[in-house]
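Tertiary structure, described
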Amino acid sequence: MKSILNYSHHLLEEIISPGETVIDATCGNGNDTLFLSKLVGDTGEVIALDIQEQAIDNTDRLLMEHNCSNVSLVLDSHENIGDYLFHDIEIGGAIFNLGYLPKSDKSIITKGESTVKAIDTILKYLKKNGRIILVVYYGHEGGQDEKNTILKHVISLDQKQYSVLQYGFINQKNNPPFIIAIQKK
Ligand SMILES: C[S@@+](CC[C@H](N)C(=O)[O-])C[C@H]1O[C@@H](n2cnc3c(N)ncnc32)[C@H](O)[C@@H]1O
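Here goes a summary of the coordinates provided. Being a predicted model, the structure only gives us computed values, none of them experimental. (Residues numbered from 1 in each chain as written. Predicted model: local features only at pLDDT ≥ 70, side-chain atom pairs only at ≥ 80, totals over all residues. Heavy atoms only, no water.)

1. Concerning the overall build of the protein
Filter applied, for reference: Going along the chain from the N terminus, every DSSP run of H or I of four or more residues is numbered as a helix, and every run of E of two or more is numbered as a strand. Radius of gyration here is computed from C-alpha atoms only, and the compact-globule reference equals 2.2 Å multiplied by the residue count raised to the power 0.38. Throughout, a contact is declared for two residues whenever any of their heavy atoms are within 4.5 Å. Residue burial considers only the protein chains on display, and all accessible areas are found by Shrake-Rupley using a 1.4 Å probe. His is not counted, nor are the chain ends; Lys and Arg add positive charge and Asp and Glu add negative charge. The location of each charge is read from NZ of Lys, CZ of Arg, CG of Asp or CD of Glu.
Within the protein, the regular secondary structure consists of five helices and seven strands. Going residue by residue from the N terminus, the α and β elements of the protein occur as α-β-α-β-α-β-β-α-β-α-β-β. Relative to its length of 185 residues, the protein is compact, with a C-alpha radius of gyration of 15 Å against a globular reference of 16 Å. Oriented by its inertia axes, the alpha-carbon framework of the protein measures out at about 40 × 40 × 35 Å. Partitioning the intrachain contacts of the protein with sequence separation of at least 6 by distance along the chain shows that 73% fall at a separation of at least 24. Summed over all atoms, the accessible surface of the protein reaches about 9700 Å², with 47% contributed by carbon and sulfur. Positive and negative charge centroids in the protein, built from 17 and 24 side chains respectively, lie 9 Å apart.

2. Things to note about the nonpolar core
For clarity, the cut-off: Here, the term nonpolar core denotes a set of buried Ala, Val, Leu, Ile, Met, Phe, Trp, Tyr and Cys residues that are joined through side-chain atoms within 4.5 Å. Summary of the burial criterion: residues with accessible area below 20% of their type's maximum are buried, those above 50% are exposed, and those between are partly exposed, where the area comes from a 1.4 Å probe applied to protein chains only.
Grouped together as the largest cluster of nonpolar side chains are 31 residues, with contacts concentrated most on Ile23, Phe96, Ile132, Leu134, Ile180 and Ile182. Mapped by element, the contributors of at least two residues to this core are β2 (45-50), β4 (91-97), α4 (112-125), β5 (126-136), α5 (143-155) and β7 (178-184). Take this core: its biggest share by element is six residues, from α4. Excluding residues within four positions of it along the chain, Leu134 makes contact with Phe96, Leu98, Thr115, Ile119, Ile150, Phe178, Ile179, Ile180 and Ile182. Ranked by size, the runner-up nonpolar core spans 26 residues in total, among them Cys27, Leu63, Val71 and Ile133.

3. Overview of helix α2 (residues 31-40)
The α-helix winds at 3.6 residues per turn, so residues separated by three or four positions along the chain end up facing the same way. Where burial is concerned, most of α2 is hidden: eight out of the ten residues are buried. Of the positions making up α2, those classed as buried are Asp32, Thr33, Leu34, Phe35, Leu36, Ser37, Leu39 and Val40. At its buried positions, α2 is contacted by α1 (4-13), β1 (21-24), β2, α3 (53-65), β3 (71-75) and β4. At the exit of α2 stands Gly41, carrying a positive phi of roughly 70°.

4. A word on the site of the ligand
Heads up, the condition is: Any residue with a heavy atom positioned within 4 Å of a molecule or strand is treated as near that molecule or strand. By the criterion applied in these results, polar contacts are pairs of N or O atoms within 3.5 Å in which, for protein atoms, one can donate a hydrogen and the other can accept it, and in which residues neighboring in sequence qualify only through two side-chain atoms. Residue classes follow a fixed rule: Ala, Val, Leu, Ile, Met, Phe, Trp, Tyr, Cys and Pro count as nonpolar, while Asp, Glu, Lys and Arg count as charged, and any other residue, Gly among them, counts as polar.
Of all residues adjacent to the ligand, which total 21 residues, the nearest are Asn29, Asp50, Gln52, Ser77 and His78. A distance of 2.8 Å separates an oxygen atom of the ligand from a polar atom in the backbone of Asn29. At 2.9 Å from an oxygen atom of the ligand is found a side-chain nitrogen or oxygen belonging to Gln52. Out of a free accessible area of 610 Å², the ligand has 95% covered by protein chains. Broken down by class, the residue content of the shell around the ligand amounts to seven nonpolar, eleven polar and three charged.

5. A short note on the sheet that holds β2
What counts here: Here, strands pair whenever DSSP counts at least two bridges between them. Only the contacting stretch of a helix is used when fitting its axis, a line to C-alpha atoms as for every element, and angles between N-to-C directions run 0 to 180 degrees.
Taking strand neighbours across the sheet as the criterion, the seven strands line up as β3-β2-β1-β4-β5-β7-β6 in an open arrangement whose pairing is mixed. The open sheet has two free edges, formed respectively by β3 and β6 (162-167), since each of these has just one partner strand. Across this sheet, the average inter-strand angle for adjacent strands is 15°, counted without regard to direction. Against the sheet, α3 engages β2 and β3, with an angle of about 165° to β3. Of the strands in this sheet, β1, β4, β5, β6 and β7 touch α4, which is tilted by about 160° from β5.

6. Regarding the environment of Ala118
Within the secondary structure layout, Ala118 lies in helix α4. Along the primary structure Ala118 and His78 are separated by 40 residues, whereas in three dimensions their C-alpha atoms are 5.6 Å apart. In contact with Ala118, other than residues within four places in its own chain, are His78, Glu79, Ile81 and Phe96.

7. Structural notes on the pairing of β3
Convention followed: Crossover handedness is defined here as right-handed if the route from the first strand over the helix to the second strand goes clockwise, with the strands pointing away from the viewer.
Sheet analysis places β2 next to β3, joined by five bridges and oriented parallel. Pairing of Ile47 across the sheet is with Ser72, part of β3. At this point the chain moves from β2, through α3, to the parallel β3, and the crossover so formed is right-handed.

8. Thoughts on the packing of aromatic side chains
Put simply, the rule is: Pairing of aromatic rings covers Phe, Tyr and Trp, the last through its six-membered ring, and needs centres within 6.5 Å; plane angles under 30 degrees mean stacked, over 60 mean edge-to-face, and all others mean tilted.
A complete count under the given rule lists three aromatic pairs for this structure. Arranged with centres 5.8 Å apart and planes meeting at 65°, the rings of Tyr138 and Phe178 form a pair that is edge-to-face. Within this pair, whereas Tyr138 is found in the loop between β5 and α5, its partner Phe178 is found in strand β7, the two being separated by 40 residues in sequence. Geometrically, the ring pair formed by Tyr167 and Phe169 is edge-to-face, given 5.8 Å between the ring centres and 75° between the ring planes. Among the aromatic residues, ring-to-ring pairing joins Tyr7, Tyr167 and Phe169 into one connected group.

This is a description of form; function is not addressed.
Below you can see the structure in the form of structure tokens.
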């Protein structure tokens with residue numbers, strides 16, 4: 001069985017092609033941004049957002065080490081993602097890694113309301129069969145609230161328009177992360 005990290009990447013690999021535009025909604029230390037950058041290649045683009053300057057700097061450094069020049073880094077909340085998208089753009093896929101920046105301030109966390117707003121905006125631009133992947137960490141303070149808000153929202157998405165998958169290990173202790181994947185039909 002694939003780990004949470006491997007499965008989140010696998011779900012994107014299956015549907016993203018070189019040349020597409022994709023989103024890392026929480027770039028953090030840049031690991032998912034780097035993965036997406038390689039997937040879409042020189043002819044594609046990654047739009048990567050974070051609200052912390054430290055995260056943008058860390059991601060920038062990682063991308064430079066790997067000679068990636070196809071990423072637009074945005075210091076802003078993902079709830080404003082619509083401000084950075086042309087009206088007729090098609091998004092191949094997106095990833096959200098929820099929670100706090102590892103080894104950093106644990107009080108700066110993703111929040112349910114803004115995450116849901118970002119999901120709904122990206123869904124409007126998502127290509128047919130495109131996917132939004134959410135890796136839900138919820139063991140920290142505030143994490144349970146975000147988890148509940150997101151689950152309530154994605155469970156209500158119209159099944160005629162979207163397939164929504166949940167993937168996780170149910171015998172692990174200490175609130176293990178899980179994946180929510182939304183695919184546009
Ligand atoms: C779990 S970390 C992401 C880890 C990242 N995927 C990586 O590979 O290192 C979550 C990140 O979300 C960021 N964040 C919190 N609220 C945000 C928001 N509203 N918009 C964008 N990023 C946000 C945090 O600053 C933090 O860097």
